Amino acid sequence: MQANSKPSLAALPLRIFIKLGVLPFFLIAAVVIFTLAAPNFLSPQNLINVARQSVYLVLVSLGQMLVLISGGFDLSVGTVIALSSVVSALAMTWAAQIFPDAIWLVILIGAFAGFAVALIVGAVNGIGVALFDVSPFIMTLGVSSVGTGLALFLTGGVPVSGLPFAFGDTFGFGRVFGVPVPVVIAVIAIIVMWVLMARTRVGARIYAVGGNIKAAHLSAINTRGTLILVYGLCAVIAALTGLLLTARVESGDANLGGTIAMESIAACVIAGVSLRGGIGRVENVVLGAFFIILMQNGMNLAQVSSYMQMVLIGLLLICAVIFDQLRYRMIVKG
C-alpha cells in the first residue's frame, strides 16, 4: 500500500496541473512570498479590499474567456470600456438638460448609449473575424486604435463631468444589504456566465467552435453566428465594466481600461483557459482575475515600484503561456 501511495502522491501536482493549469501553484507562491514581505497581506480587511477591487477585472475576464474559448482573443476590451464610459457620460449630460427632473431616465439613456456603442464594436470585431477571416489579433487591435482615437476626439482628452449624483452614489458606492453594488452585479454576471457555459447549448457551441471549428461546421453549428455572438457578448460585458468604473470615478474618462486587455488575457491563461480554444472554466477565470489583483495588491504592500509591477505582470503572462503550451501537449498525449 505504501509503495503504491508514493507514486500517487508524487503524481498529484502533475494531475492538478493538467486539470487546473498553473494557477494553484502561482497562488500558493504568491501567498507565501507576500505574507513574508507584508505581514498584513492576509488580513481580512486587505482580502476584502482585493475582492472589491477585482470586480472590474473579473467582469472583463469573463468576456475575454468567451473569446479565448472560441479560439480568438479581444485586444479592444479596454477601448470598449473607455468608449462606453465617454459615450454614456456625454449622453447623460445631454439628457440631463432635457429631462432635469427625471434622473433615472437620464441614467437609463446613458447606459443604453454605452451598451449600444459596445454592441457596434463587438459586431465589427465579430464580422471581421467570422465573415472576412481577419486574424483576431489584427482585427481587435485595429478596432482598439479606432475606438481609442474616437474616445479622445469626443472628449478632447478631458474627462466628462456633471453626471447625476444618483448614478455614482448607487452604482459606484451603493450597497445592497451591506454588499457593494459592483460586487452584487459581478456575482450575478458570474452565475449567468456559468449557466451559459455549463448548462446551455450556446455554451456547448462555443466550446465546439474553439475546439475544432471545421468539425463544428460539419456538425451543423452556425460557426460564424457563434463567433459574432461571442465578440458581441465580450463587448457588452466590457461596457458594463465601463459603466461601473464611470460611476466609481464619477466622470467619463477616455483613459479608463488602459492595461485591462493584457490583464484579462493573463487572468484567463493563468486560470487554464487555452489560447488554442475549447478549454476553460468560469470559476477558474474568476479565481485567476482575483489572483492578478492579489498580485498587484501584494506588490503595493511590498513597495514594489509601478514600473517593476508592469515587468512582473508581463513575465507572469509569458510564463503562463509557456505552461499553457506544455499543458496542452500533455492533454493531447492523454
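Residues numbered from 1 in each chain as written. Predicted model: local features only at pLDDT ≥ 70, side-chain atom pairs only at ≥ 80, totals over all residues. Heavy atoms only, no water.

Novice: How would you explain the overall build of the protein chain if you had to name every residue and give the values?
Specialist: A count of helical and extended segments in the protein chain gives 15 helices and two strands. Over its C-alpha atoms the protein chain spans a radius of gyration of 21 Å, differing by no more than 12% from the 20 Å that the globule rule assigns to 334 residues. Along the first, second and third principal axes, the C-alpha atoms of the protein chain reach 80 × 55 × 35 Å. Looking at the protein chain as a whole, 47% of its 334 residues qualify as buried. Of all intrachain contacts in the protein chain linking residues separated by at least 6 positions in sequence, the fraction that spans at least 24 positions is 78%. When the accessible surface of the protein chain is summed, it comes to about 16,200 Å², and 70% of that surface belongs to carbon and sulfur atoms. (Helix = DSSP H or I, 4+ residues; strand = E, 2+ residues; numbered from the N terminus. Rg over C-alpha atoms; globule rule 2.2 N^0.38 Å. Buried < 20%, exposed > 50% of the residue type's maximum accessible area, 1.4 Å probe, protein only. Contact = heavy atoms within 4.5 Å. Areas by Shrake-Rupley, 256 points an atom, 1.4 Å probe, with all protein chains shown as cover.)

Novice: Break down the UniProt feature "transmembrane region" (unreviewed entry) in the protein chain for me, citing the residues and quoting the values.
Specialist: Listed under "transmembrane region" (unreviewed entry) in the UniProt record, and renumbered for this structure, are residues 20–42, 54–73, 102–124, 136–156, 176–197, 228–249 and 305–323. Across residues 20–42, the secondary structure splits into 70% helix and 0% strand, with the terminal C-alpha atoms separated by 24 Å. Taken end to end, residues 54–73 is 75% helix and 0% strand, and its two terminal C-alpha atoms sit 21 Å from one another. (UniProt positions renumbered as here; feature names shortened; annotations may be inferred.)

Novice: Any chance you could break down the side chain of R327 for me, citing the residues and the numbers?
Specialist: Tracing the sequence through the fold places R327 in helix 15 (residues 306–333). Within the structure, the side chain of R327 is placed 3.3 Å from the backbone oxygen of F17, a separation counted as a polar contact. A polar atom in the side chain of R327 sits 2.8 Å from the backbone oxygen of G272. Beyond its immediate stretch of four places on either side in the chain, R327 contacts F17, I18, K19, L20, G21, G272 and I279. (Polar contact = N/O pair within 3.5 Å; in protein donor to acceptor, adjacent residues only side chain to side chain.)

Novice: Residues and numbers for helix 15, please.
Specialist: Along an α-helix, residues three or four apart share an orientation, since each turn contains 3.6 residues. Over its 28 residues, helix 15 extends 41 Å from the first C-alpha to the last, a length consistent with the 40 Å expected when each residue adds 1.5 Å. For helix 15, the complete set of buried residues consists of Q309, I313, G314, L316, L317, A320, D324 and R327. (Expected span 1.5 Å × (residues − 1).)

Novice: I'd like a rundown of the environment of P180, residues and numbers included.
Specialist: With respect to the helices and strands, the residue P180 is situated in strand 2 (residues 179–180). Placed 27 residues apart in sequence, P180 and Y207 show a C-alpha to C-alpha distance of 33 Å. P180 has contacts with R52, G174 and R175, leaving out every residue within four places of it along the chain.

Novice: How would you summarise the packing of helix 5 (residues 77–98) against helix 6 (residues 103–130) if you had to cite specific residues and measurements?
Specialist: For the pair helix 5 and helix 6, interaxial distance at closest approach is 7 Å and the crossing angle is 145°. Classified by chirality, the crossing of helix 6 by helix 5 is right-handed. Residues V80, L83, S84, V87, S88, A91, M92, A95 and A96 of helix 5 touch helix 6, and the partners they reach there are V106, I107, I109, G110, A111, A113, G114, V117, A118 and V121. (Axes fitted to C-alpha atoms, helices over the stretch in contact; angles between N-to-C directions. Left-handed = near helix turned anticlockwise from the far one by under 90°.)

Novice: Outline a nonpolar patch on the surface, listing residues and values.
Specialist: A cluster of nonpolar side chains, contributed by L14, I18, M308, V311, L312, L315, I318, I322, F323, L326, M330 and I331, occupies part of the molecular surface with about 940 Å² of accessible area. Listed by contribution, the elements that provide at least two residues to the nonpolar patch are helix 1 (2–20) and helix 15. When residues in the nonpolar patch are grouped by element, the largest group, ten residues, is from helix 15. Within the element layout of this structure, I322 appears in helix 15. (Patch = residues over 30% accessible without salt bridge, like charges linked within 9 Å, V, L, I, M, F, W, Y side chains within 5 Å. Salt bridge = Lys/Arg side-chain N within 4 Å of Asp/Glu carboxyl O.)

Novice: So what's going on with unusual backbone geometry? Residues and values would help.
Specialist: With a phi close to 55°, D133 is a non-glycine residue in the positive phi region. With respect to the helices, strands and loops of the structure, D133 is situated in the loop between helix 6 and helix 7 (136–155). Despite not being glycine, Q303 has its phi angle at roughly 60°, a positive value. Mapped onto the fold, Q303 is located in the loop between helix 14 (282–301) and helix 15.

Novice: Help me get a handle on empty space enclosed by the protein, residues and values and all.
Specialist: A complete count under the given rule lists one cavity of 30 Å³ or more for this structure. Here the largest cavity is characterised by a volume of approximately 40 Å³. Along its surface, the largest cavity is lined by F17, G21, V22, V269, G272, A320, F323, D324 and R327. Looking at the lining of the largest cavity, the element that brings in the most residues is helix 15, giving four residues. In terms of residue class, the lining of the largest cavity is made up of five nonpolar, two polar and two charged. (1 Å grid on protein atoms, 1.4 Å probe; cavity = no way out; pocket = protein on both sides within 12 Å on 5 of 7 lines; lining within 4 Å. Points joined across faces, edges and corners; volume = space filled by probe spheres on them. Nonpolar A, V, L, I, M, F, W, Y, C, P; charged D, E, K, R; others polar.)

Novice: Got a sec to walk through the state of the cysteines? Specific residues and values, please.
Specialist: Inspection of every chain in the model, using the stated rule, returns zero disulfides. Of all cysteine sulfurs in the structure, the one in C268 sits closest to C234, which takes part in no disulfide; the separation is 9.0 Å. (Disulfide = S-S within 2.5 Å.)

Novice: Which residues make up the packing of aromatic side chains, and what are the values?
Specialist: Under the defined criterion, the tally for this structure stands at seven aromatic pairs. Ring geometry for W104 and F171: centres 6.3 Å apart, planes at 75°, overall edge-to-face. With W104 in helix 6 and F171 in helix 8 (residues 165–171), this pair connects stretches of sequence that are 67 residues apart. (Phe/Tyr/Trp six-rings, centres within 6.5 Å; stacked < 30°, edge-to-face > 60°.)

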